[in-house]
Amino acid sequence: MPSQKIHFNNAGSSLPPDIVVEAVVSYLREEAAVGGYETEAKYKEQLENVYTSIARLINAKKDEIALVENASAAWSLAFKGLSFQKGDVVITSEMEYVTNLLGLLEFQKTHGIEVRMVPNDEQGNFSLAALEAAIGPRTRLVAMTHIPSSAGNVLPVADIGRIAHKHQILYLLDACQSAGQVPIDVNEINCDFLAVTGRKYLRAPRGTGFLYVRKEVQDQLTPLMIDGFSTRETSLHGYELREDARRFELYEKSRALTLGLGKAVDYALAIGLDSIWRRIQQLAGLMRLKLSAIDGITVHDRGDQLCGIVTFSLDAVDSTLIKKELAAKNINVSIGAAHSTLYYMSRRNLDKILRASVHYYNTEEEIDIFCDALVAIREGVELSTPYLTKLI
Ligand SMILES: *Cc1c(COP(=O)(O)O)cnc(C)c1O
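Residues numbered from 1 in each chain as written. Predicted model: local features only at pLDDT ≥ 70, side-chain atom pairs only at ≥ 80, totals over all residues. Heavy atoms only, no water.

Quick word on helix α10 (residues 273–292)
Applied cut-off: Only DSSP runs of H or I with at least four residues qualify as helices, and only runs of E with at least two residues qualify as strands; both kinds are numbered from the N terminus onward. To estimate the expected span of a helix, count its residues, drop one, and scale the result by 1.5 Å. Only protein chains enter the calculation, and the probe is 1.4 Å; a residue is then buried if its accessible area is under 20% of its type maximum, exposed if over 50%, and partly exposed in between. Think of the arc as the fan of directions from the helix axis to the C-beta atoms.
In this model, α10 (20 residues) spans 28 Å end to end at C-alpha, consistent with the 28 Å of a helix rising 1.5 Å per residue. Turning to α10, its buried residues are Leu-273, Ile-276, Trp-277, Ile-280, Leu-283, Ala-284, Met-287, Arg-288 and Leu-291. For α10, the buried positions fall inside an angular range of 140 degrees around the axis, keeping them on one side. Of the residues in α10, the exposed ones pointing more than 90 degrees away from the buried face are Asp-274, Arg-278 and Leu-289.

Below you can see the structure in the form of C-alpha cells.
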C-alpha cells in the first residue's frame, strides 16, 4: 500500500514493507483458525530461520541471538545482567540514550558504580583520545550508542571497540538506530553485546528487537528472568541454563511478530546494507543542504560522519508547533526531546528539536515538498506573532 504521507519519522518507526505485514497478519489468522501451538509447529523452521537471518545481518552466530521486545529490554538484559562491584567504572559518551543513562544512574545508586562520560570534541566528534584517558584499572564496561536518538552523527564504533578490546573491557553497543541503516559487523566492531529494536530502520513491526551476546561472555551475564525455555535439565535440586543466548529470552512471545522481524531482516539483506546506507546518506545530505539554505533554520547535526537523522529548529519557534503544522500537510517528523539524549542536549542548550529522519524509500521530491512546507510555515508564523515563543 503506498503511503499517502511523507514519512520522515523513520528514526521513530519506519514503514514495514508489504511482505512483513502479510507475514504477520496471515500468521495471526492461522493461529486463530488452527491454534497457536499447532501453528508454531507448522512454522518451526521459518521461526528458527529468524535467528539465522539476524545473525547474518550483524555477522554473528545464531546461538548468540536472543529475541526481545525492544532495544531497552535488550540493553537492560545486558547491562543489568552483569555483576558490578562498588567502585567499578562504566564509560559512556554524551550521546547515550535515556534508557541506558537511567540504567547507569540506577546502578550508580544501587551498586556504587562510577559513570564517566566522554564528551565530544570541538568538532562534535567522539573523542577516542578522551576515551583512552578515561580508562582506568576499575573500568568494567564501555557502553556506547552507535547512532544517537536525537542527533545526526555516527560514533566510530569499531575504533571504540579496538580500544575496549585492547584494555580487555566489556563493550555494550546500542545499535537501535543503526541496525537496518548502516552495515553492522559485530566482529569488526568487537562488541560483546549489541541491542537492537525492529521498528526503526529495520522496517520490522513494533514490539520486536534482539540482543546479541558474544558466545565467550554469555556465562558472565545472569538472565534477569528465567523460565522452562531459558533452562534445561530442570530438577527439584537445581537447573542448568540453555547453552545459547536464548537463555536470555522467555518462552512466550509473539510468533507472528517474530516472523515479521525475520522478513524485515531478509528484506534489508536482499537490498543490501551498503546500498541502503549510501542512499540514506545521500538523501540526508541533500536535506541538510536544503534546510540550511532556508532563512531562520538551524541544522544541529555536527561531526564528520552523519547519518539519516537530520535535526534542526526554526529560530524562536516552538518545535512542537512546527511538527503539528507539518502533520497538517501530511508530513511526519518527530521531536527530539531533551531527555532522550540528555548529556548532549543539555551541554548544547538544546531543548526540543525537530527530527526529520530519512529512509531509502524517501525521495528528493519529498525533500523539496518538505522544505517548501517549512518556508510556508515560517512565513505564516511571522504573520501571527502569538506563535512566537521568544520575540527578540
Ligand atoms: C529508540 C532508541 C532506543 C530504545 O528503543 P526501544 O525499542 O524503544 O526500547 C535505544 N537507543 C536509541 C539510540 C534509540 O534511538
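Examining the sheet that holds strand β8 (residues 209–213)
Put simply, the test is: When DSSP finds at least two bridges between two strands, those strands are taken to pair. Lines fitted to the C-alpha atoms define the axes, with helices restricted to the stretch that makes contact. Angles between their N-to-C directions range from 0 to 180 degrees. Contacts between residues were defined by any pair of non-hydrogen atoms, one from each residue, lying within 4.5 Å.
What the seven strands build is an open sheet, ordered β2-β8-β7-β6-β5-β3-β4; its pairing is mixed. Each having just a single partner strand, β2 (65–68) and β4 (114–118) make up the two edges of the open sheet. If you compare each strand with its neighbour and ignore which way they point, the axes differ by 20 degrees on average. Across three bridges, the pairing between strand β6 (residues 170–174) and strand β7 (residues 193–197) is parallel. Paired with Leu-172 across the bridge in β7 is Phe-193. Taken strand by strand, helix α4 (residues 71–81) contacts β2, β3 (89–93), β5 (139–145), β6, β7 and β8, and its axis lies near 160 degrees from that of β7. The strands touched by helix α7 (residues 157–166) within the sheet are β5 and β6, with β6 carrying the most contacts at an inclination of about 160 degrees.

Observations regarding the packing of α4 against helix α5 (residues 98–111)
Stated formally: By the definition adopted for this analysis, an angle is roughly parallel if under 35 degrees, roughly antiparallel if over 145, roughly perpendicular if from 65 to 115, and oblique otherwise. Crossing handedness is read from the near helix: turned anticlockwise from the far helix by less than a right angle, it gives a left-handed crossing, and turned clockwise, a right-handed one. Only Asp, Glu, Lys and Arg are considered charged, only Ala, Val, Leu, Ile, Met, Phe, Trp, Tyr, Cys and Pro nonpolar, and every remaining residue, Gly among them, polar.
Look at α4 against α5: their axes get within 10 Å of each other, and the N-to-C directions meet at 30 degrees. By the angle between their directions, the pair α4 and α5 is classed as roughly parallel. Handedness of the α4/α5 crossing: right-handed. Counting all contacts with α4, which are made through Ser-72, Trp-75, Ser-76, Phe-79 and Lys-80, the residues of α5 involved are Thr-99, Asn-100, Gly-103, Leu-104, Glu-106 and Phe-107. Taken together, the residues that form the contact of α4 with α5 break down as four nonpolar, five polar and two charged.

Some remarks on empty space enclosed by the protein
Note the following rule: Lining residues are those with an atom within 4 Å of a point, where the points come from a 1 Å grid over the protein atoms alone and group into cavities, where a 1.4 Å probe fits but cannot get out, or pockets, open sets with protein on both sides within 12 Å along at least five of seven lines. Grid points are joined across faces, edges and corners, and a volume is the space filled by probe spheres set on the points.
Under the definition given, this model contains one cavity of 30 Å³ or more. In this model, the largest cavity occupies a volume close to 40 Å³. Take the lining of the largest cavity: its biggest share by element is three residues, from helix α9 (residues 255–271). Its residues assigned to classes, the lining of the largest cavity shows seven nonpolar, one polar and one charged.

Describing the packing of aromatic side chains
By convention here, two paired aromatic rings are described through the distance between centres and the angle between planes. Stated precisely, the cut-off is as follows: Only Phe, Tyr and Trp rings are paired, with Trp represented by its six-membered ring, and only when their centres lie within 6.5 Å; those with planes under 30 degrees apart are stacked, over 60 edge-to-face, the remainder tilted.
Considering all chains together, one arrives at 10 aromatic pairs under this definition. Ring geometry for Phe-312 against Phe-370: centres 6.0 Å apart, planes inclined by 80 degrees, an arrangement best described as edge-to-face. In this pair, Phe-312 is assigned in strand β12 (residues 309–314) and Phe-370 in helix α13 (residues 364–383), connecting sequence segments 58 residues apart. Measuring from ring centre to ring centre gives 5.7 Å for Tyr-360 and Tyr-361, while their planes differ by 70 degrees; the resulting arrangement is edge-to-face. Classification of Tyr-360 as buried rests on a relative accessible area of 15%. Each member of the aromatic cluster is reached from another via a ring pair, and the members are Trp-75, Phe-79, Phe-84 and Phe-107.

Looking at the pattern of salt bridges
Rules: Any carboxyl oxygen of Asp or Glu that lies within 4 Å of a side-chain nitrogen of Lys or Arg is treated as forming a salt bridge with it.
Across all of its chains, the model carries 25 salt bridges by this definition. Across the salt bridge formed by Glu-30 and Lys-42, the nearest N and O atoms sit 2.5 Å from each other. Taken as a pair, Glu-30 in helix α1 (residues 18–34) and Lys-42 in helix α2 (residues 36–42) lie far apart in primary sequence, 12 residues in all. Residue classification places Glu-30 among the buried residues on the basis of a relative accessible area of 18%. The partner of Arg-162 in a salt bridge is Asp-159, with the nearest N and O atoms 3.2 Å apart. Taken together, the positions of Arg-162 and Asp-159, both in helix α7 and three residues apart, correspond to about one turn of that helix. A relative accessible area of 29% means that Asp-159 is categorised as partly exposed. Where salt bridges share partners, they join Glu-48, Lys-62, Arg-242, Asp-244 and Arg-246 into one cluster.

These figures capture arrangement, not role.
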